[in-house]
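Residues per chain are reported as follows:
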Amino acid sequence: MRKVSIISNEIVCRVISTWLFFHFFLFMKYDISYLELNSLNDISLIKLILVYLTIYLFNLGICLVLKKHIKNIHFESIILLISFLLCSAFWIFEYYSFSFLLTLIIFLSIILYYCLGKNNYVLLRIKIGDNFLYIILLILTLLSFILSFLFTYYSYKSLKYQNFDLGVFSNMFYYMKKTGLMLTTNERDFLLSHLKIHTSLIFYLILPVYCFFSHPLTLELSQIVFVYLGIIPLVKLCKEYKFSNVLILFISLVFLLYPAIYCGFRNGIHENYFLVFGFLYLFYFYSSKKYKRMFLMLLLILFVKEDVFIYTILFGIFALFDKQNYKIGILIIAFSIICACISWLYLIKFGHGVMTNKIYYNLVSNEESLVQSLKSLLVNPGYLIFQL
C-alpha cells in the first residue's frame, strides 16, 4: 500500500507540473492571456491534448533520468515547485494585486512545504564543490536573464509598459549620443537637461554600449544585465562569511526568484536598477575591508539619484553598530550627506527643485515641506505603513 501511495503522489505532482508547463508553453507560443477564457478558441482540442502529452512524457523522462543518477530525492515535487514559480512570474507580470500575490504566496508555501517534506531536507546535506556551484549558478542566471528579456521584449512589442520612462530615456540617450548631454524634449514638453529633474549621472556608464547599439531595447537589456550581475557580489559576500556552497546556492535562488527583481522589469528602464548591483558590492567591499573600493562604489551609488542618500545613510548606521566600526560609519554618513546637499542645492538653484513629494510618499496632503513630512512620519505611522 505504501508503494502505491508514493507512486500516486508522484503522478499527481507530474500531472500538475505538466499542466503548469503546458500553460507556460501556450503563453509563450500563442501570446495567450490567463485573464481571457476565450484566448484559445482558435486552437483545436486535439492539438492541445497532444501538446500536453508531449510535455508530460518529457517531464517523465527527466524524472527517470535524474532518479537513475541521484538517489533519495523526490524530483517530482522539485519540478512542481519550479513550474509554479515560472508561471507565477508570468501571472504577476501580466496582472498584479495584493490579494492575487497573497494567494500565490499561500500556494507557494504549500508546495514548498510539501517539497521539503518529501525530500526530508536531503538537499541541505548535499556537498557540492566550487566548480559545480559556479556552473549551476551560471546556468540559473542565464535562464533568469533569458526569461526576463523575453518579458521585456514582450512588453516592448505589445506596448504594455505602465509608464512613460522608456520614452523619456530613449529620447535622452538619443541626445546623449549626438551631443553628450542628457537632454530631453518629452519630459517637460520642452528641451531641457534631465539633470534638472534628477541627478542621475550613472546613465553615462551605459552610453558607450548605446552608441554601438542605438535601440530602446538596448536600454532594457542593460537594465537586466546590471540587475543579474548582482549575483557576483552576492556569491562573494557569502564566501566572505564562509557559507556552505549549498547555502550559497539557496541564497542565490532566492535572489533570482525574488519578485522585486524580475517584476521590476515590467515597468521599463529606470535608474534605480543600478542599486541592486551597487549595494551588493558595497556590502561586499565593506565586509572584506576594501574601504577604498567601497567609497568608490558609494560615490557611484550616489550618482544614481538625489534621494539615494537615504539608503546610504542607513548603511552608514549599520556600519556604526557592526563590530563597533564607528569611523567608517561616520565617514559613510558624512559623505552621503555632503553629496546629497550638493545634489539638492544644484536642483534648487539650477533645476526644477527636489521632488520631496515623491521622496516622502506624500505624507502630508498639499505640503511638500521636509519638516511637515517628518512631522507626519512621527504622528501617523499607520499611513506610512500603508504607503510602503
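Residues numbered from 1 in each chain as written. Predicted model: local features only at pLDDT ≥ 70, side-chain atom pairs only at ≥ 80, totals over all residues. Heavy atoms only, no water.

Undergrad: Got a minute to help me understand a nonpolar patch on the surface in this structure?
TA: A cluster of nonpolar side chains, Leu45, Ile46, Ile49, Leu50 and Leu53, forms an exposed patch at the surface whose accessible area comes to about 520 Å². Here Ile46 shows up in helix H2 (residues 45–69). (Patch = residues over 30% accessible without salt bridge, like charges linked within 9 Å, V, L, I, M, F, W, Y side chains within 5 Å. Areas by Shrake-Rupley, 256 points an atom, 1.4 Å probe, with all protein chains shown as cover. Salt bridge = Lys/Arg side-chain N within 4 Å of Asp/Glu carboxyl O. Helix = DSSP H or I, 4+ residues; strand = E, 2+ residues; numbered from the N terminus.)

Undergrad: Got a minute to help me understand the confidence of the model for the chain in this structure?
TA: Detailed reading of predicted coordinates is not advised where the pLDDT is low. When pLDDT is averaged along the chain, the result is 80, and 80% of the positions lie at 70 or above. Per-residue pLDDT stays below 50 along residues 1–6; that stretch engages in zero contacts with residues further than four places along the chain or on separate chains. Across residues 359–367, where pLDDT falls below 50, the model places 21 contacts with residues more than four positions away in sequence or in other chains. (pLDDT = per-residue confidence, 0-100. Contact = heavy atoms within 4.5 Å.)

Undergrad: What exactly am I supposed to notice about the packing of helix H5 (residues 130–158) against helix H8 (residues 216–228) here?
TA: Packed helices, taken two at a time, are described by the angle between their axes plus the distance between the axes. Relative orientation of the contacting elements H5 and H8 amounts to 150°, with a least axis distance of 10 Å. In terms of orientation, H5 lies roughly antiparallel with respect to H8. Every pair of crossing elements has a handedness; the one defined by H5 and H8 is right-handed. Where H5 abuts H8, its residues Thr141, Ser144, Phe145, Ser148, Phe149, Thr152, Tyr153 and Tyr156 lie against Pro216, Leu217, Glu220, Leu221, Ile224, Val225 and Tyr228. (Axes fitted to C-alpha atoms, helices over the stretch in contact; angles between N-to-C directions. Parallel < 35°, antiparallel > 145°, perpendicular 65-115°, else oblique. Left-handed = near helix turned anticlockwise from the far one by under 90°.)

Undergrad: Sorry if this is basic, but what is going on with H2 here?
TA: At 3.6 residues per turn, the α-helix brings residues three or four places apart onto the same side. For H2, with 25 residues, the first-to-last C-alpha span of 37 Å sits near the 36 Å given by 1.5 Å per residue. Along H2, the positions that sit buried rather than exposed are Leu48, Val51, Tyr52, Ile55, Tyr56, Asn59 and Cys63. (Expected span 1.5 Å × (residues − 1). Buried < 20%, exposed > 50% of the residue type's maximum accessible area, 1.4 Å probe, protein only.)

Undergrad: Is there a simple way to think about the pattern of salt bridges in this case?
TA: Pairing is possible between side chains that carry opposite charge, provided their charged atoms lie close to one another. Considering all chains together, one arrives at three salt bridges under this definition. With its nearest N and O atoms 3.0 Å apart, the salt bridge here joins Arg14 to Glu76. Taken together, the positions of Arg14 in helix H1 (residues 2–30) and Glu76 in helix H3 (residues 75–94) put the pair 62 residues apart, joining distant regions of the chain. When its relative accessible area of 2% is taken as the criterion, Glu76 is described as buried. Across the pair Glu271 and Lys305 runs a salt bridge whose closest N-O atoms are separated by 3.6 Å. Of this pair, Glu271 sits in the loop between helix H11 (259–262) and helix H12 (274–287) while Lys305 sits in the loop between helix H13 (291–302) and helix H14 (309–321), and the two are 34 residues apart along the sequence. The burial state of Glu271 is the same as that of Lys305; both residues are buried.

Undergrad: How should the environment of Lys290 be read in this particular structure?
TA: Residue position: Lys290 is located in the loop between H12 and H13. Take Lys290: its relative accessible area is 30%, and that puts it in the partly exposed class. With residues up to four places along the chain from it excluded, the contact list for Lys290 reads Tyr284 and Phe285.

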